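These are the residues of each chain, in order.
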Amino acid sequence: MNKGKVLFINGHLHHYENDFCQPIGLLYIAANIRNRGFEVKVCDLNYQTQDEVLELAKEFSPRWVGLSAITVQALSAYEMGNRIKRSIPDAKIVYGGVHPTFFPKEPFTAGSADYVIVGEGENTFYKLIADDDVKEIRGILYKQDGTIKENNGEDRVQDLDTLPFPAFDLVELRKYSTQLHVYPWASHHAVDTMTSRGCPYDCSYCASPQLYKRRIRFRSAENVIEEIKWIKKISGINQIHFHDDNLFLDKKRALNIFEMMLKSNIDIKWVALANGSTLTNYLNDFDIIARSGCVGLEIGLETGDEDVLRAVQKKEEIDDLFKVNEQIHKYNIVPMYLTMTFNVGETLNSPYKTAKILKELLPNPDLNIVSLYKNTHEPYCFGQFATPNPGSKFFEQAPDLGIVLNKTWNDYFQGKSSFIPNSFLDDIPAKIKRISMKALEEYRGQIHRYLYPDSPIGKWGWTWLTTRYPYLEKRFLDFFHERCVDDYFLFLYRIYKLCDEKRTVKEISAIILQKYKERDISTVCLGFVHLSMFGFIGSSKTTGSL
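Please read all numbers here as calculations on a predicted model, not as lab measurements.

**Student:** What is the right way to read the overall build of the protein chain from this model?
**Tutor:** When you go through the protein chain residue by residue, the secondary structure sums to 22 helices and 19 strands. Across the 546 residues of the protein chain, 57% fall into the buried class. Taking as baseline every contact in the protein chain between residues at least 6 positions apart, the subset at least 24 positions apart corresponds to 73%. Of the roughly 23,700 Å² of accessible surface on the protein chain, 48% is carried by carbon and sulfur atoms.

Encoded structure:
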């Protein structure tokens, strides 16, 4: 029985043009609605244009349109909602996801919302479109007589096994860049899955404590295995990325999952997020973890500075990482240590400490240290900038603790410098060892790779040029990058020369910016980060601690 038409739309991930993953939360809701007799379609603005989605919407003529957004998707979702409302006035526009959860009234003024769902959407969305009395539905906002009404609470799914598997068949899975992030498997498609919801920790940079109230719910091992089999059947993809915050938190359940993978001959390769200290509970279990198909673990180091770990309330012990790291390498599992830069509490010593820890943890002498601070998929490591995401303690505290550089919601992504802490800006750099253009040559390879993602080659029609004139590729690329590296070395050298143990990072940055007007304070501060990582400078206040 067809109970009506529902169109779901995933907002565009601004800045992630070629790096976007399956919208698993939205696909859970879509599957739940479809199983209850509604006709459902899913569009994704990451591989479809707004014009394409609008034409599909006109043809489909949905009664309900659900738009999902994290913060960096919000403006895209609002624009799409406005366009649909103008073209299909009778369609009811419903917003959900992380961003509307924390700014539930914004979609009414910015995105033509009829309803906004706060928190998890499976139960709430179904009750709304099933014509339940909206006044009795928890976790929803709606308009009544021109006034926004808000129903408190949230209708969460207590037994996650009761949910149908995400509607992966409603999207083009191979359009997504989901992968295992570690070589040689990073070049192949993977599918995200979540075996739990929630997190008991209280990291200040994360919105999860507010979203889930530091509670966690688990799916059964049997349910997880059935989903993996189903994913392989419908997609032919045998790589799984476990997107849980805490796959390893419940040891008995996790080992049960791994044992069932082996017994069922499920034959997959997988990677999971992990807390290093939690993994110390598995020091004698890495054999079964590896045999079940684990090829990599993404471990949240964040920083090698223990003072910063405490400042961001990260429950991680660096000593634990070394215990785990030994076992990981023993069983040929590739570790990927997730790091951030410009976290609250960082000083000029922090980048050096992080680089030092990573060099000790990782056996590859050619480790691309600089790219740790870029949003890249390099082997062994994955880096980002500390971002004061809405819903986190960091978002509330950031204006008092440093400079917030974001101007619009589009700026809230981890590949862009969003924040620089006062602890860094007010630090006074000291020269640790002599620098020269010759000394910098040791880091040419690292700087070369650092500059590549930001080069304007793409803007110059690089793809078109090398397709038409392939013989130019290596010659032109090498010339361009060597010039870029030389220019960046000169930039670093000028910063270094101004380090006199008297002026702060902020004061030196102001001087540098008078010459490099095309740069901003974040790029100058990143120069200080690189100089610290390479061991050329440190904090004049605490250099003895290095």
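**Student:** Could you clarify how one ought to interpret the nonpolar core in this entry?
**Tutor:** One recurring pattern in soluble globular proteins is that nonpolar side chains are buried together. F248, F258, W270 and L297 are the most contacted members of the largest nonpolar core, which has 74 residues in total. Of all the elements, helix α1 (residues 24–34) adds the most residues to this core, at six residues. With near-sequence residues (within four places) excluded, F258 lies in contact with L247, F248, W270, I288, I289 and S292. Grouped together as the second largest cluster of nonpolar side chains are 36 residues, F385, Y443, L498 and Y516 included.

**Student:** Honestly, the pairing of strand β7 (residues 147–151) in this entry has me stumped. Any pointers?
**Tutor:** Residues in a regular strand point their side chains to alternate faces of the sheet. Across five bridges, strand β6 (residues 140–144) lies against β7 in antiparallel orientation. Pairing of Q144 across the sheet is with T147, part of β7. Counting the residues between successive antiparallel strands, the hairpin from β6 to β7 contains two residues, one of them, D145, with a positive phi of roughly 55°.

**Student:** Whenever I open this one, the pattern of salt bridges confuses me. Can you help?
**Tutor:** It is possible for side chains of opposite charge to pair when their charged atoms get near one another. Counted under the stated rule, the structure contains 23 salt bridges. Note that R310 is salt-bridged to D307, the shortest N-O span being 2.5 Å. Of this pair, R310 and D307 both sit in helix α12 (residues 306–311), three residues apart, which is roughly one turn of that helix. What you see here is one network of salt bridges that share partners, running through E120, E122, R197 and R217.

**Student:** Is there a simple way to think about the sheet that holds strand β4 (residues 92–96) in this case?
**Tutor:** In any sheet, the strands associate via hydrogen bonds between backbone groups, in a parallel or an antiparallel arrangement. Spatial ordering of the open sheet is given by β2-β1-β3-β4-β5-β6-β7, a layout of seven strands whose pairing is mixed. Each edge of the open sheet carries a strand with a single partner, namely β2 (39–44) and β7. Along the sheet, successive strands turn relative to each other by an average axial angle of 20°, direction set aside. In terms of strand pairing, β4 meets strand β5 (residues 115–117) through two bridges, oriented parallel. Bridge assignment links V94 to a residue of β5, and that residue is Y115. α1 contacts β1 (5–10), β2 and β3 (64–68) of the sheet and is inclined by roughly 175° relative to β1.

**Student:** So what exactly am I meant to see when it comes to empty space enclosed by the protein here?
**Tutor:** Taking a probe equal in size to a water molecule and rolling it over the atoms shows the remaining empty space. Here the structure, examined in full by the defined rule, presents three cavities of 30 Å³ or more. Roughly 50 Å³ of volume is contained in the second largest cavity. If you go around the second largest cavity, the residues you meet are Y28, L160, L163, M194, T195, S196, R197 and R219. Residue composition of the lining of the second largest cavity, by class: four nonpolar, two polar and two charged.

Thresholds, definitions, all that
Residues numbered from 1 in each chain as written. Predicted model: local features only at pLDDT ≥ 70, side-chain atom pairs only at ≥ 80, totals over all residues. Heavy atoms only, no water. Helix = DSSP H or I, 4+ residues; strand = E, 2+ residues; numbered from the N terminus. Buried < 20%, exposed > 50% of the residue type's maximum accessible area, 1.4 Å probe, protein only. Contact = heavy atoms within 4.5 Å. Areas by Shrake-Rupley, 256 points an atom, 1.4 Å probe, with all protein chains shown as cover. Core = buried A, V, L, I, M, F, W, Y, C linked by side-chain atoms within 4.5 Å. Pairing = 2+ DSSP bridges. Salt bridge = Lys/Arg side-chain N within 4 Å of Asp/Glu carboxyl O. Axes fitted to C-alpha atoms, helices over the stretch in contact; angles between N-to-C directions. 1 Å grid on protein atoms, 1.4 Å probe; cavity = no way out; pocket = protein on both sides within 12 Å on 5 of 7 lines; lining within 4 Å. Points joined across faces, edges and corners; volume = space filled by probe spheres on them. Nonpolar A, V, L, I, M, F, W, Y, C, P; charged D, E, K, R; others polar.

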